[in-house]
Structures are given as structure tokens and as C-alpha cells.
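The lines below spell out each chain.
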Amino acid sequence: MSVIKSVKGALLATAAVLSIGAASAQDSAPSSGILPQITDEIVVRGTNIPDPQRATAQVATFLNQEDLARAGDANAALALSRLSGLSVIGGKFAYVRGLGDRYSSALLNGSPLPSPEPLRRTVPLDLFPSNILNGAAVQKTFSPDYPGEFGGGIINLETLREPAESFLNVRLGTGFNLVTTGRNGLTYRGGNLDFLGFDDGTRSLPINLRRADTRIDFLPDAEREALFESFPNSELNVIQEATLGPDFQGSIDGGTAFERGGATIGIVGVVGFDGGWETQRAIRQTQANGIVGTDLDPNSDAETNLTETQYNATLNGLTSVSAEWDDHFIQATALYIHTTTKEAQIFDGIEFNAPFGGRAFDESTIFIERDLKMGQLSGEHVFGDFGVDWRAAYARSTRDSPFERTLRRIRPTTGADPLYLENNNYDINFSELDDDLLSGGLDLSYDIPLQGGRFAKISVGGDYSKNDRRYDIVRLQEVGGNSLPDDVQSARPDFLFSPDNIGPNRFELSERTLLESYIGDLEIISAYFKADFELIPTVNATVGVRYEDSTQEVQTISRLGVVPGRIPQDTRIDEDYFLPSVTVTWNAIDDLQLRVGYSQTITRPQFRELAESLFFDPDTERQFIGSGDLVNSEITNYDVRAEYYLGRNQFVTLAGFYKQIDNPIEEVIFEQASFVFGSSFINSPEADLFGVEFEYRSEFQMPIDNEWIGRRDWLFTVNYTYTNSEVSAEEGEFIPFSPLNGQLVDASTIGIDGRELQGTPEHIVNTQFGWEGENDQLTILLGWVSERILQRGYELPGTRIPDIIEEPGVQLDLVYRYDIDLFGQPMSLGLSGRNLLATRHEEFQISDEVGRTDFNTYDRGRTFSASITARF
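Below is a summary of the structure that appears in this document. No experiment lies behind these values; they were computed from the predicted model shown.

Positive phi outside glycine occurs at Thr-538, with the angle close to 75°. By secondary structure assignment, the location of Thr-538 is in the loop between β24 (517-536) and β25 (539-557).

Structure representation (C-alpha cells):
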């Protein structure tokens, strides 16, 4: 909602809760036609209800600048995890009310965002540093002015706007992690700009791979050999141990406002950089059919001392220029975010398919650059009772991962040197993703005064979005190397693949690119009608309907054109929907609001889920295959919430919700061969979930007679969400299952009936406690998320794969800020401690035969950081 219309909406809402006395009108000011006429006696209800909650008819949670400063979170994902009913998986994707990230969508200033993630259309929220945000709103009930893809909620991030006064802040910070910083980690040389998160050309795509019609195997031997020899070698192949330094953060943000030509011009700019290391000494085990087939335990012996080290760098920038005059506001926003992950990984352990006792030694190096660029122009205008909001945006997201290298060697016996005993075990992949999103929207509203001081507001509008995505991959592999001398088999990787060993008699480059690339597009045209009105004094209603017409297409392709023996299935989902929504709000007694809501919404498959091709995700070490048989999920939502406001920023709420999901999309593990796993996607027949949310917030003075304590305002908040979910798959309900060539499978036979919905935890708790003084602020933050299904296993005759369960556990953080004057310069000192209980990252499987095995479990360690900010 616009700034101007928000103020007007708050005035109308305030007027609506005036209870007029029975006495006849006295000499009073004439009515304006909008506000009710004031009589002898008035009772104002809802004086403690804050403007955001007063102005919205929906069940919503808000995050403001004060909340961001108190929690001190580095990015939007961490900040949102503090809100009621929200949890964040992988540090990136928000789960609202326990539902997976596919049931949540993110907007930036009301415009949709593209994603740089190959497996998702939703944008990872860790891309957004908190210093570019003015706040965020999480709406948990659907209203027709928002996109129809809605399950758990919609997250609308709001960037910095026109500053109230000029400011300039310069911040420098550092941090360390007790299991990473100052300890040995894995790394490789790479390029000269890797520390900034940019490749300097070292990993540029070779010219022969840019020729879309040329298969590497068909090149002349001399050209093929020259291509292999031209690849960077030691700088990308040789993994080394190195002592890891501390993290570094720095940012500059500033803004000013001035009058020009009767308008107030506001300018805001932010630029920041964050770089740091993370080491995971992980236990990685997989089980199926009652046996353990993969076992990597870095604590089992001295050889498996390191597993994976990542260097992560983020560069972000934001510029916003706005103009406000009379009842008009226009804003232009430009956003740039660049994130990079440089990873070195060693797997040294038991692997079911490895020869000579099954002990494999894998080395891999990865460099992934992600970009998000966005330009937005928006306007908000009020002409008396008529309001106009408009927005137009173009965003482009990219992901570039050149020279993903994996080398497998074998330890013939425990303790022996790894040897290159089998050919075809050196893979090199290049992948690129481009995601473009063009969007625009128009909202028109009209305020209608009614008799008795009541009001109505009619809104109509429409949105258009066109999302185009292209994913390309080139997969290469060396062939040969069957009869290598002993000294070559055990040589360092750069010596093993030195020019002397490249040629027809030893190693040659071969291409194994198949139908693994895809082109996807999603076009949505929508229109809506919404009416907000006062049914009777103190009872307001919002009713409306949204119409969406969408066409989603995915075409599986190869850079080489037609691949013999493979016939791709192009997928097209062409649907239109009418999505109704009704919400009623009753200001029952002073400062008490009751809300009841009903709506119908949908969620669509992701592009990658529809592409019938193989994809290996280096982030999760899993291989995926899409399903062209997926259909949209349809959701029916019921909500009720009571809100009681005890004072300024003090409230208690209790909510209940129920959702019925037809054809929910779930990720399922399957076995391609013995202990060769992949993941695909199915439409489960139906899922039901219900839950309860509770939230309490209080600001108070400590009842202790102490000057230091008495001079501080104290804060306590707690929120709890309980969710019960269940998938229904009765006998006789058949679903297509792509890993089995798309054949129909009786849903009751794959073991999903009666089990929890994927990604839905039963319990989520967040609590904060702290103080705010004249020049200092301390907050203790405690959160707990119970276990949830990360990937669904399945049971078919002869195959039993247990679910992969994630247990996020308890997270305890402490944030402290102290304002000082240093030589007359205002400064702020910030200190924080994260994961103070040293909670581990835990993913595991459980079966009756072998009990619990750790699929991916490692120590996250405690993280401590310090920063200093100069305020000019």
C-alpha cells in the first residue's frame, strides 16, 4: 500500500471504530463526508492497535527498521526467521507456517523477483543484506491484489525510501567461527579476483565449447588434444590445506532529501561487501534396503580429516531516487547483488560402487557466481477519493558455474595412497542459467463515504509478468588411462593431467552432454476486484476475486540438437483460475480484533521440476530428473486470528489455520541402480494441514529498584506455531512417476499415505529478550524448529529408501550495540554471538535394520563478530 494511501487508510479505520453516543448532535463542526459527525460522547476503540495492523484486513506480520536493528541479522532470510510462523531452510528459503518454499513467494516493493537457483523459481532471501531494507511484511492470508501463487504466505520486502534527514554511515566488521577460523581448511588457487567473488578469466569457456553444433568427440585428434591441454590445470585441480582467516564485512549507506520545484527529492544509496569462510567436517552416510552403502565419517580415522570448505562473497548495491509533491510519490530503484561460492571438497570413505573394498577418494572444486539485477519504477497518486498505484520492473538473475571438476580415485586398502585405477573418472561440467522477469501492475481505488460515518473502498487492478529462463550445461569427461604406471596413478592431479599425459594413448576429452538443458517461460495475466467496507460499526470486511490466466512451457534441449535415442517431452500447462477471498475483521472490544478468512489459491511447478532431464546439484550433492506430468496444486485456505493490543508495541495473538491441498508437489528419492540415487517429483493426491499460532510481545520496566536497570526499556517476545500435516494417498489413486518412465503407480504403494507433508515441521518457536537504553541495546534470541522431512523416501517392491529428515534444532544468538562519541564523532560498536549452543546441522535417515545414519551432519560452530559504524 502506498505511503499516502496508508495514512488515509489509517484515518478511515480510526473513524470506523468510533462508537457514537446516543445523545443528539450538539453544535459541532460540520461533517466532511468521510469522517463521522462528532456528538456528545465518543468512545475510541483500538487506540493501541498499530497502523500496519489497523490498516490491513489480513493476517499479517511486520518487520520494521527497529526490529532489523535489534536483531542485527546480516540478511533478510535471518531477519525473517524471527517472525511468527516462519523458519528458514538452508539459510536461504523461507517456510511460512511450516510449508515449503514453493508455497511462499517474495516481492520487492511489490514486484516479483527471478531466482538464480536452478531448482527453484523462488528467490533465496539470503541475497538481500539487511542494510538495504526498510522493512518487510509477511501476509499469511490471501488477498486478490497479490499473486495467486500463495500457500503459506507472501513476503514483501521494502527497500530504503526517502530519508527523513540526511545521513551517511560507514561500517567495518569482522568475525570468526570456532570450527573454521584459524584452522586448516580446503582451498585451491583459482583466479586473482576470487576473494572478491569474481572470476578474472581463468575459468572462461573455451572457444570450442561455444560452438553449439560441435561435439567434442568429432573434433580432429590434434584439436581435441589442444582443447584439453588449454584447460587451467594446477590453479583449479590442486586442493590444498590452508589456515583460514577471519570474515570481513564493510558497507557504506547514505541518503539525503531536499526541496526542488515544490517537490521533496530523496536519494538513498547503499554498497556493501561480505566475505567469509565455512568448513564442514561432515558425516555423510546413505542407507537403503536396510544396509549402509555410503559412509564418510571424518572422525573415524586420521585420513578423513577434512570434507568441505566454502568461501562465500557477497557484493551488493542499491540506489533509490524518489520525488514527493502534494499527494503524489514516484520512486526509481536500482538493485545489484552478486554472490559467489568457491568450494573445495574431499570425500574419503566407503562407497558401495567403488572397487577394491569400496574405499573412494573424491576431490572436487566448484566456483558458482550468482547475479541479481533489478530496475523498478513505481508511482503512488491520490486525487481526492481516487487513488492510483503503478509499478514496472525488469529483473535479470544469472548463475554461472564453469569448470565444475570431480576426480575419483580409489584406495586399494585402508591407508594406501589413492590411485587412478579406473578410467572415465574425471568429470568437468560447465553450466549457465539466465532468468529474466518483466513485470508491471496497476491498482485503482476509490473511497466511498457511507451513511453514519461508515466507509467503503473499491479496488480494481491488474498485473502482468513474463518469466523466461534458459539453463545450459556442457558435460565433459576424460576417457582412457587404463594402464598407467604406478607413479602416474598416484600423482598429484595437475601432474596426472599434465600435457604429457594427454593424447590418444592416455587421456582424451569426451563429451557426454545429453538432453539436460531446458528453456522455460511463464506468462501470467491477471486482474482483480476487491471491496473493503464496514458492515456495521466495528465490523469490516474485505471481499474480492482474482482472475489469473497463465501459460507455462518447458522445452528440454541439448546444445548438440537431437540426441540419438532420446525424445524430449515438451511440457505446457495452460490454466486459468478465479480465486475468491473473504476476510472479516471485528473490533470486538477495546484493542481487540478478531479476523476470519477464506480463500482459494494455487501453486505451480518450478521450471526444473518440469524439465525431463538430468541435473546434478553440487550444493546438495544430488541428481535430479524432472517430470513433465506435474500439474498445478490447488489450495483451499481457512484462517482465524484474535489480536489483543496491550499498549504501544505490546500485544498477544492467537490464530488457527486449515489448508487442503489438491495435488501437492513433493520431492522423492529414487534408486537408479544399487546406491545410485536421484530425486524426482510427484503430485501426491491430497494433503491436509491445520495449525495454531501464538505470539506475545511486551515492553516493560523491570520491577527492580536499581538505577541501571530502571533506565532501560525491556522487551520480551515469544511466538509459537504448531502444524499438523498429513498426505492422503488411498488405494486406487494413481500418479505418474517419472523415474519409472512416467508409468502410473498406485499412490498407496509408495508409502506416503498418512505421512507428514514434505518440509513441514510440527513446532516452530522464536523468542527475544533484551533491553534498550539511552545509548545501548542488547537482545538475546532463541529459536527452535522441530524435525521435518527434507526429502521423501519411498517404498516399492524390492526397494525401501527411508526419508531424509532435517532437525534444525535450537539456535541461541546474542546481539549487542553500544553508541559512543569518539573524538566528537558518533560511533556505534556492534557485537554478536551466533549459535551459542553450538547446535549441529543434522540430516539423517532411520530404519529398523540399521537405526539412524547421518545423511549430512556437521558442526556449525559458534560465530562471533564485531563491527564499528561511523555516523556522519
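Now that the structure has been shown, the text picks up again.
Two side chains with opposite charge may pair up if their charged atoms get near one another. Evaluation of the coordinates by the stated rule reveals 45 salt bridges. Measuring nitrogen to oxygen at the nearest pair gives 3.3 Å for the salt bridge that ties Glu-363 to Arg-409. With Glu-363 in strand β19 (residues 359-383) and Arg-409 in strand β20 (residues 386-410), this pair connects stretches of sequence that are 46 residues apart. For Arg-409, a relative accessible area of 5% corresponds to the buried category. A salt bridge links Arg-572 to Glu-553; the nearest nitrogen and oxygen atoms lie 3.0 Å apart. With Arg-572 in strand β26 (residues 571-586) and Glu-553 in strand β25, this residue pair connects regions lying 19 residues apart in the sequence.

On the surface, Glu-726, Glu-730, Glu-733, Asp-753, Glu-756, Glu-762 and Glu-787 cluster together into a negatively charged patch. Relative to the helices and strands, Glu-730 is located in the loop between β35 (713-728) and β36 (734-737).

Membership of the largest hydrophobic core comes to 33 residues, with the highest contact counts inside it found for Leu-80, Leu-125, Phe-128, Ile-155, Leu-157 and Leu-335. If we skip the residues at most four places from it in the chain, Leu-335 touches Leu-108, Phe-128, Ile-132, Gly-317, Leu-318, Leu-372, Lys-373 and Met-374. In terms of nonpolar packing, the next biggest core, distinct from the first, is built from 28 residues, Phe-228, Tyr-420, Tyr-426 and Leu-484 among them.

Next up on the list: the sheet that holds strand β6 (residues 104-108). Within the open sheet, the 5 strands sit side by side as β3-β8-β9-β6-β7. Their pairing is mixed. Taken across any chain shown, the strands that pair with only one partner, and hence form the sheet edges, are β3 (60-64) and β7 (111-112).

This part covers the sheet that holds strand β40 (residues 788-791). Strand pairing in a sheet relies on backbone hydrogen bonds, with the paired strands running either antiparallel or parallel. Pairing in this open sheet of 4 strands is antiparallel, and the strands run β40-β43-β47-β48 from one edge to the other. The strands lining the two open edges of the sheet, one partner per strand, are β40 and β48 (851-854). Mean inter-strand twist for the sheet, computed between neighbouring axes without regard to direction, equals 40°. As judged from the 3 bridges shared by β40 and strand β43 (residues 804-806), these two strands associate in the antiparallel manner. Following the sheet pairing, Arg-788 is matched in β43 by Glu-806.

Tracing the sequence through the fold places Pro-412 in the loop between β20 and β21 (426-449). Looking at Pro-412, the relative accessible area reads 28%, which means it is partly exposed. Pro-412 sits 56 residues away from Phe-356 along the chain, and the two C-alpha atoms are 5.2 Å apart. Apart from residues no more than four positions distant in its own chain, Pro-412 is found in contact with Phe-356, Asp-417, Leu-419 and Leu-421.

Let us look at the environment of Asp-435. Checked against the element boundaries, Asp-435 lands in strand β21. Judged by its relative accessible area of 0%, Asp-435 is buried. Distance from Asp-435 to Ser-397, taken between C-alpha atoms, is 5.0 Å for residues 38 residues apart in sequence. In this structure Asp-435 touches Pro-114, Ser-115, Ala-395, Arg-396, Ser-397, Asn-467, Asp-468 and Arg-469, once residues within four positions along its chain are discounted. A polar side-chain atom of Asp-435 sits 2.4 Å from a polar atom in the side chain of Asn-467.

One pass over the structure, following the stated rule, counts 25 aromatic pairs. Here Trp-277 and Tyr-311 contribute two aromatic rings whose centre-to-centre distance is 5.0 Å and whose plane-to-plane angle is 55°, an arrangement assigned as tilted. In this pair, Trp-277 sits in strand β14 (residues 263-280) while Tyr-311 sits in strand β17 (residues 308-325), placing the two residues 34 residues apart along the sequence. Here the aromatic rings of Tyr-420 and Phe-507 are separated by 5.7 Å at their centres, their planes lie at 90°, and the arrangement is edge-to-face. Taken as a pair, Tyr-420 in the loop between β20 and β21 and Phe-507 in strand β23 (residues 507-511) lie far apart in primary sequence, 87 residues in all. Residue class for Tyr-420 comes out buried when judged on its relative accessible area of 1%.

The rules behind the values
- Residues numbered from 1 in each chain as written.
- Predicted model: local features only at pLDDT ≥ 70, side-chain atom pairs only at ≥ 80, totals over all residues.
- Heavy atoms only, no water.
- Helix = DSSP H or I, 4+ residues; strand = E, 2+ residues; numbered from the N terminus.
- Salt bridge = Lys/Arg side-chain N within 4 Å of Asp/Glu carboxyl O.
- Buried < 20%, exposed > 50% of the residue type's maximum accessible area, 1.4 Å probe, protein only.
- Patch = residues over 30% accessible without salt bridge, like charges linked within 9 Å, V, L, I, M, F, W, Y side chains within 5 Å.
- Areas by Shrake-Rupley, 256 points an atom, 1.4 Å probe, with all protein chains shown as cover.
- Lys, Arg positive; Asp, Glu negative; His and termini not counted.
- Charge placed at Lys NZ, Arg CZ, Asp CG, Glu CD.
- Core = buried A, V, L, I, M, F, W, Y, C linked by side-chain atoms within 4.5 Å.
- Contact = heavy atoms within 4.5 Å.
- Pairing = 2+ DSSP bridges.
- Axes fitted to C-alpha atoms, helices over the stretch in contact; angles between N-to-C directions.
- Polar contact = N/O pair within 3.5 Å; in protein donor to acceptor, adjacent residues only side chain to side chain.
- Phe/Tyr/Trp six-rings, centres within 6.5 Å; stacked < 30°, edge-to-face > 60°.

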